[in-house]
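Structure at a glance
One letter stands for each residue in the lines below.
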Amino acid sequence: MSSLAIAFNLTVLGVLSTALAASHYNCDGPLVSNLLQASFEKSSQSSISNAPHFAKLNRRDGAGGWSPQVTDRQPWLQLDLRDRMEVTAVATQGRYGGSDWVSGYLLLFSDTGRAWKQYRQEDGVGRFVGNVNADGVVHHKLSHSIRSRFLRFVPLDWNPSGWVGLRVEVYGCAYKSYVADFDGRSSLLYRFNQKSMSTVKDVISLSFKSRQAEGVLLHGEGQRGDYITLELHRGRLALYLNLDDTRLRFSSGRVAVTLSSLLDDQHWHSVLIERFNKQVNLTVDTHTQHFRTKGEGDSLEVDYELSFGGIPLPGKPGTFLRKNFHGCIENLYYNGINIIDLAKRRKPQIYSGNVTFSCSEPQLVSTTFLSSSSSFLSLPATLSASGGFAVRFQFRTWNPDGLLLSTRLALEPQRLELQISNSRLRLTHHMSAQQKEEVSTGHRVNDGLWHSASLSSRGLQVTMTLDNEPSSTMELGDHMEAGDSLYFGGCPSSSSSDSYCENPTLAFQGCMRLFSINSQPMDLNLVHQGRLGDYKELQFDTCGIHDRCLPNFCEHGGQCSQSWSHFYCDCSGTGYTGATCHNSIYEASCEAYRLTGSSSGLFSIDPDGSGPLGPTQVYCNMTENKVWTVVIHNSTDPVRVQGSTLQKPYIMKFNYSASPEQLMALVARSEQCQQEVVYSCRKSRLFNTWDGSPLSWWVDQGGERRTYWGGFLPGVQQCSCSLEENCMDMNYFCNCDADTDSWANDTGVLSYKEHLPVSEIVIGDTNRTGSEALYRIGPLRCYGDKSVWNAASFYQESSYLHFPTLQAELSADISFYFKTSAPSGVFLENVGLKDFIRVELSSPSVVTFSFDVGNGLVDLAVKSHVPLNDRQWHYVRAERSVKEASLQVDQLPLRFLEAPSEGHLRLRLNSQLFVGRTGLSLSLNSQLVLQYVCPNDPSSLPVPTEVSVSFNRESSVTYTFQEPFSVMQNRSFQASSVYRGNSRARENMAFIFMTTQSPAMLLTVSTFSQQYIAVILARNGSLQIWYHLHVDRRPDVFSPRPSSLADGHLHRIRIHREGKDVYLQVSNGYIYKRCENFDEEVMQAGSKGFIGCLSSVQFNHMAPLKAALLNRGSSLVSVRGHLVESNCGAPADSTTSHPLSDQAAKTNKDNVSLHDSAVIGGVVSAVIFITLCVVVVMTRFLYQHRQARRDTSIKEKEHQTNLEIASTILMVITVPRCSALGMVEKAQCKGLLR
């Protein structure tokens, strides 16, 4: 069955189970308004008129609400709903007519009114926002309902100008349940009507509360090896499920799916198991895990019976945990059957052994020690009839250190300390300030589970016991008698008279219960009421322990550990670093490794950066002009194929060193990818001669069948020889289709990257006599990184980019370079209903990172000692996770802020992401890496086709490029030399002109190393494009057509060069032609200059003519002679013409934009001369060129095609030919040449 069908069925199961659970819901009725006076309890009341029964919403009785005494250290208001109810919402109000209200509170719930649990909202937030005045009502709908009888409101904050005042309402409905109590020796058996029950889908639901951390909730098994077991293990829920796999029945290799923790807290927890075939959903409370079960079958076959609450026969085959459940189970349903209802009605298919149908409530009341520095509990040391003393208690914590017990001995200054030290239990006998004796026991007692500790003395020995482990003893020099008081969890402040008690490291932070001193239980209610002992920073009647590793916020497989108030991520071996293992330690591409100065070799790359995919190892070949990323697969050697038919074809699947998801990310990030297919054949065809149907094919990365073989258009059943017109038989599109007895070759290179890599090859015509094929699929090879040097400029304050909503609920990292002259502006911003995230230049020298996830505004600001709006490149990196936030600007000190331990975690955004919204410039990269921005740079104006200028013979405009790379990286020329290999052999030029003069110089691009591009009108008025890129060769000339353009009409010129091919658009027509050579034409055109009108001049994405007019004071612009702004030009007509880059590189449009930014990033001091280039300048230029050709050895190879701008790297172009183009362009080029 398809995964879609499985997902649909699981969804249906989930909907049905949810519908059953919610069938009675219209659950929002008021529950407090009709309660009697006896249903209200309080910690104290300030007066009779402030009694708790006056705390009903909108009531004005008495003093208008409840208020405690001002001396009440821990005020609370308690409600008894008289029965277990389902609570879905709460509301609060201040005391009527006064200045008393509660601005923040906790909500506790309990079935007994003794053992309480704190309600936590989404993200584990326990604090509720209260009121801001006395009469307003603040309503909170609970994210998950509470099923309980007792509720307690615990004020945390109140009006600082008043006192605590409270009126409340609770909304919900009656809750009906079927309950069974298991005493640890009992169970329920549900017997089937037949010998075995076989099901392909199951829905099992129940709720439980447990008194211990171990116990079987559900078990069933079959003779063929099927089993299902649901159990509590170390406070976590574990599900073992196997379908028809006898190998696992008696093995010790069973693997459980575990979920949740701290489930032995004596409070109700809900469980839902949904299975369809092998797909399983396990839900515990609000946490769900999806998995696929083991086994060969799709059905679960259970023999005879299912047992609930335990396994009745110890040692029964297939069992592996024999401890029965001790606690209560309610609303137990197995595939719609109410098991507990059948048991109560004594139905024959149910056997109930020692099960009762009401839930007994133990009086195990806990106390929470809140502070690791100041919490303590002091209890009197009662006398023992036998002498000595004995202390027992239970504790649970996450902290590896903390004081549990301290007492002074009769012989001062001796004392005993029982503490947790490095996760072990340690007893220390302090005999003097310098002398002490220690014994230790246990291991990882800070695991969050309950542990029993006891300390007793007899004679000259003190005995320490932990759980069921062997006791540890210590010899004393004298009989031991405890002092007047025993201090649990910590010590009072040093100002106390009992200054002998000292916290060795930290006070205990966790929960304690079941205190017993000399066999006498301690009633902590008396302590709470001030009638026994003393305390500080305690919370009575509840254990506030919270699992901060659930859910696990450590990314990429990081291991989560925790203390009482924080969690920590161990990123060892993951390939990631940071507080939540978010940041990859590897570069994203081979291109990035080259920019760090690395040479060829094996590297781990992380194509999606901090995304969910892990790193993969590739080979980076940096010996060529391009940086090639090479990914190998499992079959790179030649393979001979014989005996295959279309009905029984030969099939080879390729397994790469990277996962399919990693390959897709790599291909998407790369500029271009290719894969060589070496295919030789003898009497083996690729296509059927009669109907053209394929006899062999390959499968792309998406699983689609492909029938083009090397270097041709996707979807066209042809081979490379057809494109190059050199097939051995021109009646066929492939050499192999000639079906000759001799070996033929159809080797080609697949370069349509959206289809790569090849995942499978199928060969189906090698079964005839003498028929065979030989193939080899080369490794996947990609070059370029589209995420490097992306640039965007924002010229107007209203300019911005917008993107889909930033996916940054739990973590986000943002980095970019910027330069600007503006004093302030927003780099990026994304907002939600209440949450938002923003990075901005808040003043000329301050970058601010701001966000709000629901805990209030957070601002991180980095101030520079120099202005940041100096038109120089500056680096910014901002990161936010559930653990911390940080901001880095250039090399300034990192600004860091830790997230609050209690608070909202998720950044909820719903609008578009805006970049550069208020006028600053930015550029975006994958993973929200803003790599390059050119703010207010006159070379990067957003609309380059809007300026027209009239020239005379003496006027000219010169524009000089600047290189930001070395400034940005604070590196010298070596950094630029690393970057040079990234430049692409591509230019785009466009302009509109009108003139009657010929010859005329229209535009030149020149370098200091004697290279140039010149666009001129020849003596006959025809257009010529001169490329001189090799210093040791004559220039190459592109002369498209002989007709004169010096006719006084407007002409639009668009020029696109890629590698060795040049495309030209004159007005609306495309012309391609092989080059010719004449040097003298450039000199003659330069001597004549230009008289006429130029408009809409563009070189790549820069507008030099516009820069000349709008930035006359810029150091980049040099104007000679008299320029007059004119209306001779007109904007480009987008309905009749298209950029040549769209036509010449349709499949590589991303590459064009990459080079545009790469030219800016990697080039220095390139000069565009528009109009007049006087004869002296051009003569000197050509002379230097010829002299350099004689004196300079050849430094570039024949295949180099990169244009050097200023002093960075040579770009070479020779005569054009079709083979240098991509697949789409080859077809166009081929037609033009015919």
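In this convention, every chain numbers its residues from 1, walking through the sequence in written order. Given that this is a predicted model, residues contribute local features only at a pLDDT of at least 70 and side-chain atom pairs are listed and counted only at 80 or more, while totals for whole chains, interfaces and linings are drawn from all residues. Note that water and hydrogens are dropped before the side-chain values are worked out from all heavy atoms of the structure.

Structural notes on the overall build of the chain
The helix count covers DSSP runs of H or I at least four residues long, the strand count covers runs of E at least two residues long, and both are numbered beginning at the N terminus. A tally of regular secondary structure across the chain gives 14 helices and 82 strands. Going through the 1234 residues of the chain one by one, you find that 57% of them count as buried. Considering only contacts in the chain between residues 6 or more positions apart, those separated by 24 or more positions represent 72%. Carbon and sulfur atoms form 50% of the exposed surface of the chain, whose accessible area is close to 51600 Å². To sort residues, take the accessible area from a 1.4 Å probe on protein chains only and compare it with the maximum for the residue type: under 20% means buried, over 50% means exposed, and anything in between is partly exposed. It only takes one pair of heavy atoms within 4.5 Å for two residues to be counted as in contact. Residue exposure ignores everything except the shown protein chains as possible cover, and the areas themselves are Shrake-Rupley values with a 1.4 Å probe.

Quick notes on the packing of aromatic side chains
The criterion for an aromatic pair is that two Phe, Tyr or Trp rings (for Trp, the six-membered ring) have centres within 6.5 Å, with stacked assigned to planes under 30 degrees apart, edge-to-face to planes over 60 apart and tilted to the rest. The tally for this structure, following the rule as stated, stands at 29 aromatic pairs. Seen in terms of ring centroids, tyrosine 105 and phenylalanine 153 are 5.7 Å apart; in terms of plane orientation they differ by 50°. Their pairing is tilted. With tyrosine 105 in strand S4 (residues 102–110) and phenylalanine 153 in strand S7 (residues 138–158), the pair connects residues that are 48 residues apart, well separated along the chain. Like phenylalanine 153, tyrosine 105 is buried.

Things to note about the environment of aspartate 1047
Mapped onto the secondary structure, aspartate 1047 falls in the loop between strand S75 (1036–1038) and strand S76 (1051–1058). Accessibility expressed as a relative area gives 35% for aspartate 1047, which makes it partly exposed. Each C-alpha atom, one on aspartate 1047 and one on glutamine 997, is 8.3 Å from the other, the two residues being 50 residues apart in sequence. Not counting the four nearest positions on each side in its chain, aspartate 1047 is found in contact with Thr995 and Thr996. Side-chain atoms alone can form a polar contact between residues adjacent in sequence; in general such a contact is a pair of N or O atoms within 3.5 Å, and within protein one must be able to donate a hydrogen while the other accepts it. Here histidine 1051 takes part through its side chain, which lies 2.8 Å from a polar atom of the side chain of aspartate 1047.

Focus on the sheet that holds strand S49 (residues 696–699)
Read from one edge to the other, the open sheet built from four strands follows the order S47-S53-S49-S50, with strand pairing classed as antiparallel. Every other strand in the sheet has two partners, leaving strand S47 (650–653) and strand S50 (705–706) as the edge strands with one partner each. A strand pair is defined by DSSP finding two or more bridges across the two strands.

Here's the deal with helix H5 (residues 660–669)
Those residues of H5 lying buried are Gln662, Leu663, Ala665, Leu666, Val667 and Arg669. Next to the buried residues of H5 lie strand S43 (601–605), strand S44 (616–621), strand S45 (628–631), strand S48 (672–682) and strand S55 (780–783).

Examining the UniProt feature "domain: EGF-like" (unreviewed entry) in the chain
UniProt positions are given in the numbering used here, feature names are shortened, and annotations may be inferred rather than shown by experiment. According to UniProt, the "domain: EGF-like" (unreviewed entry) feature falls on residues 545–582. Across residues 545–582, helical content stands at 0% and strand content at 26%; the span's end C-alpha atoms are separated by 27 Å.

Thoughts on the sheet that holds strand S61 (residues 846–852)
Spatially, the six strands line up as an open sheet ordered S57-S66-S59-S60-S61-S62, and their pairing is antiparallel. Looking along the sheet, the strands with just one partner apiece sit at the ends: strand S57 (801–803) and strand S62 (858–863). With strand direction ignored, the average angle separating the axes of adjacent strands in the sheet is 15°. Judged from the two bridges that link them, strand S59 (residues 825–831) and strand S66 (residues 913–915) form a sheet pairing that is antiparallel. Following the sheet pairing, glutamate 829 is matched in S66 by phenylalanine 914. Lines are fitted to the C-alpha atoms to define the axes, a helix being fitted only along its stretch in contact, and any angle between axes, read from their N-to-C directions, falls within 0 to 180 degrees.

Here's the deal with the pairing of strand S40 (residues 567–570)
Residues Phe567 and Cys569 line the buried face of S40, whereas the alternating positions Tyr568 and Asp570 sit on a face that is not buried. Remark: four residues form the turn of the hairpin made by strand S39 (residues 559–562) and S40, two consecutive strands paired antiparallel.

Observations concerning unusual backbone geometry
Leucine 756 connects to proline 757 through a cis peptide bond whose omega is 5°. With respect to the helices and strands, the residue proline 757 is situated in the loop between strand S52 (748–750) and strand S53 (760–763). Geometrically, the link from serine 998 to proline 999 is a cis peptide bond, its omega value of -5° lying close to zero. Mapped onto the fold, proline 999 is located in the loop between strand S71 (986–995) and strand S72 (1000–1006). For arginine 82, which is not glycine, the phi torsion reads 75° and is therefore positive. By the element assignment, arginine 82 lies in strand S3 (residues 77–93). Take arginine 82: its relative accessible area is 47%, and that puts it in the partly exposed class. Phi at asparagine 422 is positive, roughly 50°, even though this residue is not glycine. One can find asparagine 422 in the loop between strand S28 (415–421) and strand S29 (424–430).

Some points on the state of the cysteines
Only a pair of cysteine sulfur atoms within 2.5 Å qualifies as a disulfide here. This structure, assessed with the given rule, holds twelve disulfides. Bridging cysteine 491 to cysteine 501, the disulfide has an S-S length of 1.8 Å. The sign of the S-S torsion, about -70°, decides the handedness of the disulfide formed by cysteine 491 and cysteine 501: left-handed. Taken as a pair, cysteine 491 in the loop between strand S34 (482–488) and strand S35 (510–517) and cysteine 501 in the loop between S34 and S35 lie far apart in primary sequence, ten residues in all. Just as cysteine 491 is buried, cysteine 501 falls in that class too. Here cysteine 571 is linked by a disulfide to cysteine 581, with a sulfur-sulfur distance of 2.1 Å. A torsion of -95° about the S-S bond marks the disulfide between cysteine 571 and cysteine 581 as left-handed. Remark: cysteine 581 occurs in the loop between strand S41 (576–577) and strand S42 (583–584) and cysteine 571 occurs in the loop between S40 and S41; sequence separation between them is ten residues.

Some remarks on the nonpolar core
Side-chain atoms within 4.5 Å are what join buried Ala, Val, Leu, Ile, Met, Phe, Trp, Tyr and Cys residues into a set we call a nonpolar core. Counting residues in each nonpolar core, the largest one holds 42 residues, and the members touching the most others are Val631, Tyr679, Leu686, Trp709, Tyr775 and Leu780. With four residues, the top contributor of residues to this core is S48. Ranked by size, the runner-up nonpolar core spans 41 residues in total, among them Leu218, Ile228, Val280 and Leu306.

Here's the deal with the side chain of threonine 92
By the secondary structure assignment, threonine 92 is in strand S3. Residue classification places threonine 92 among the buried residues on the basis of a relative accessible area of 0%. Here the side chain of threonine 92 touches asparagine 131 through a polar contact of 2.9 Å, side chain to side chain. Discounting residues that sit within four places of it in the chain, threonine 92 has contacts with Leu57, Tyr105, Gly130, Asn131, Gly136, Val137, Val138, Phe153, Leu166, Arg167 and Val168.

Some points on the pattern of salt bridges
Side chains carrying opposite charge are able to pair once their charged atoms draw close together. The term salt bridge refers to a side-chain nitrogen of Lys or Arg lying within 4 Å of a carboxyl oxygen of Asp or Glu. Counted according to the given criterion, the structure contains 39 salt bridges. Between aspartate 202 and arginine 275 there is a salt bridge whose closest N-O contact spans 2.7 Å. Within this pair, whereas aspartate 202 is found in strand S11 (residues 201–210), its partner arginine 275 is found in strand S16 (residues 269–276), the two being separated by 73 residues in sequence. Judged by its relative accessible area of 4%, aspartate 202 is buried. With relative accessibility at 2%, the residue arginine 275 sits in the buried group. The partner of arginine 396 in a salt bridge is aspartate 264, with the nearest N and O atoms 3.1 Å apart. Residue arginine 396 is located in strand S26 (residues 390–396), and its partner aspartate 264 is located in the loop between strand S15 (257–259) and S16; the two are separated by 132 residues in the primary sequence. Each member of the pair, arginine 396 as well as aspartate 264, is classed as buried. Each of Arg84, Asp111, Lys209, Glu330 and Glu361 takes part in salt bridges that share partners, so that together they form one network.

Remarks on the environment of threonine 112
Relative to the elements of secondary structure, threonine 112 occurs in the loop between S4 and strand S5 (117–118). With 250 residues separating them in the primary sequence, threonine 112 and proline 362 have C-alpha atoms 9.1 Å apart. In terms of polar contacts, threonine 112 uses its side chain to reach the backbone amide nitrogen of arginine 114, at 3.1 Å. Of the polar contacts made by the side chain of threonine 112, one reaches the backbone nitrogen of alanine 115; its length is 3.5 Å.

Quick word on the side chain of aspartate 606
Note that aspartate 606 resides in the loop between S43 and S44. Side chain to side chain, aspartate 606 and tyrosine 576 meet in a polar contact 2.6 Å long. Look past the residues within four positions of aspartate 606 in its chain and what remains in contact with it is Tyr576, Ser584, Tyr586, Glu587, Ala588, Leu613, Gly614 and Pro615.

Considering the confidence of the model for the chain
As a per-residue measure, pLDDT tells how confident the predictor is, with possible values from 0 to 100. Model confidence for the chain is summarised by a mean pLDDT of 79, while 76% of its residues fall at 70 or above. Across residues 315–320, where pLDDT falls below 50, the model places 14 contacts with residues more than four positions away in sequence or in other chains. For residues 1073–1078, every residue scores under 50 in pLDDT, and the model assigns this stretch 22 contacts once sequence neighbours within four places are set aside.

Section: the environment of histidine 429
Here histidine 429 lies in strand S29. Among the residues examined, histidine 429 registers a relative accessible area of 1% and is labelled buried. Histidine 429 sits ten residues away from valine 439 along the chain, and the two C-alpha atoms are 9.0 Å apart. Once you skip the residues sitting within four places of it in the chain, histidine 429 turns out to touch Leu409, Gln414, Arg415, Leu416, Gln435, Lys436, Glu437, Met474 and Leu476.

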